[in-house]
Amino acid sequence: MSDIPDEDWRPAPEPQNELERLIRQAAEDPSLQGRMFRLLMKSDLSIYVPYHPELLGEFTRTTDEGFTWTTYSDEEGPFAAVFTSGAAASYELRNLRKSGAEKPLICTLPADVLMAFLNNGRTTVRVMAAGGGTIRLKPKAVASLVAGEFTGERPIHEEGREKQSVTLYPVPDKKVPMKMRQAIRVFCARRRVPIGVYVFHQVDEQTGEVPGNDLRVILWLRHEDPVFYSDFCLMAQKLCPAHMEFYCAAVTSDDEQAVAFLQNQIPLWPLTKVE
């Protein structure tokens, strides 16, 4: 009997790099999501492609030429399997062999190139890391990632975007979901970018009533900071209850009308004493 263990007995690999460790941490701490996505987009990622002998070795291909990747399905539907290390991609091949699926090739590309290929409006991406960390990105999320919305590379105020006028009703801090409330305060205390953070519901313009099914956050920033804004939105969105809509906007002190309005409100952060 051979002393060499069968491949199926190999233990699952531990996280191989900083990104894989961060994916596991971000699952527990949403404030790390922005940093995670920035590191993801600077990494090399692997994807399964159908086996063809001519694809062995290194070759060059542009996004205009495209390429075919292998699609799989789980209980949530079809997805492209993307891996954050060679160890993660190789280990998952074991499950494919057990299922009887044809063994694919592993193709490795810079993340920005691979995500540009996958950003076709139809593909859900499941990013899998050694150590069990997973990120699932639906087509709209893939587009947002490529556009820089998750990494802070997109401006807070884009030219041509119209401002909407709405009536806002202040939400008392005790009415903000506890986990969200605490996370916002810790996040802002650590980074000290905003002057204040304010939470509102939108008033129904037709009835004058407040449905209370949304959370609209306004960040009063010391200066425009797309990275902070992106990281804050990712964290707060993750902690917003599923039954509520989440919106976030940012203003700076040169917006006199907005500042005059906020100065008459009680911020969620920093904490203030009310006499």
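Structure: see above.
Quick caveat, the model's predicted, so the values are computed rather than measured.

Procedures and definitions
- Residues numbered from 1 in each chain as written.
- Predicted model: local features only at pLDDT ≥ 70, side-chain atom pairs only at ≥ 80, totals over all residues.
- Heavy atoms only, no water.
- Buried < 20%, exposed > 50% of the residue type's maximum accessible area, 1.4 Å probe, protein only.
- Helix = DSSP H or I, 4+ residues; strand = E, 2+ residues; numbered from the N terminus.
- Arc of directions from axis to C-beta.
- Salt bridge = Lys/Arg side-chain N within 4 Å of Asp/Glu carboxyl O.
- Core = buried A, V, L, I, M, F, W, Y, C linked by side-chain atoms within 4.5 Å.
- Contact = heavy atoms within 4.5 Å.
- Pairing = 2+ DSSP bridges.

Colleague: For helix 4 (residues 111-118), give the residues involved together with the corresponding values.
Modeller: Of all the residues in helix 4, the buried ones are Ala111, Leu114, Met115, Phe117 and Leu118. Each buried residue of helix 4 lies within a common arc of 155° when the element is viewed along its axis, so the set occupies one face.

Colleague: Can you break down the pattern of salt bridges residue by residue, with the values?
Modeller: Applying the stated criterion across every chain, the model contains 10 salt bridges. Measuring nitrogen to oxygen at the nearest pair gives 3.2 Å for the salt bridge that ties Arg185 to Asp173. Of the two residues, Arg185 is situated in helix 6 (residues 178-191) and Asp173 in the loop between strand 7 (168-170) and helix 6; the sequence distance between them amounts to 12 residues. Asp231 is paired through a salt bridge with Arg191; the nearest N and O atoms lie 3.0 Å apart. Placement of Asp231 in helix 7 (residues 226-239) and of Arg191 in helix 6 is noted, with a sequence separation of 40 residues between them. Each of Asp74, Glu76, Arg126 and Arg136 takes part in a single network of salt bridges with overlapping partners.

Colleague: Tell me about the nonpolar core, residues and numbers included.
Modeller: Phe37, Ile47, Met115, Leu118 and Leu137 are the most contacted members of the largest nonpolar core, which has 34 residues in total. The biggest single contributor to this core is helix 4, with five residues. Setting aside chain neighbours within four positions, we find Ile47 in contact with Phe67, Trp69, Ala80, Ala81, Val82, Leu105, Ile106, Cys107, Leu114 and Leu118. Counting 27 residues, the second largest nonpolar core, distinct from the first, contains Ile156, Phe228, Phe232 and Met235.

Colleague: So what about the pairing of strand 6 (residues 134-137)? Which residues, and what values?
Modeller: Going residue by residue along strand 6, you find Ile135 and Leu137 tucked away on one face and Thr134 and Arg136 left uncovered on the opposite face. As paired elements, strand 5 (residues 125-128) and strand 6 share four bridges and run antiparallel to each other. Considered in strand 6, the bridge of Val127 is made with Ile135. Hairpin connection from strand 5 to strand 6: five residues lie between these consecutive antiparallel strands, with Gly131 at a positive phi of about 100°.

Colleague: Which residues make up the environment of Lys103, and what values go with them?
Modeller: With respect to the helices, strands and loops of the structure, Lys103 is situated in the loop between helix 3 (86-99) and strand 4 (105-110). Overall, the relative accessible area of 61% leaves Lys103 in the exposed class. As for Lys103 and Tyr48, which are separated by 55 residues in sequence, their C-alpha atoms are 9.0 Å apart.

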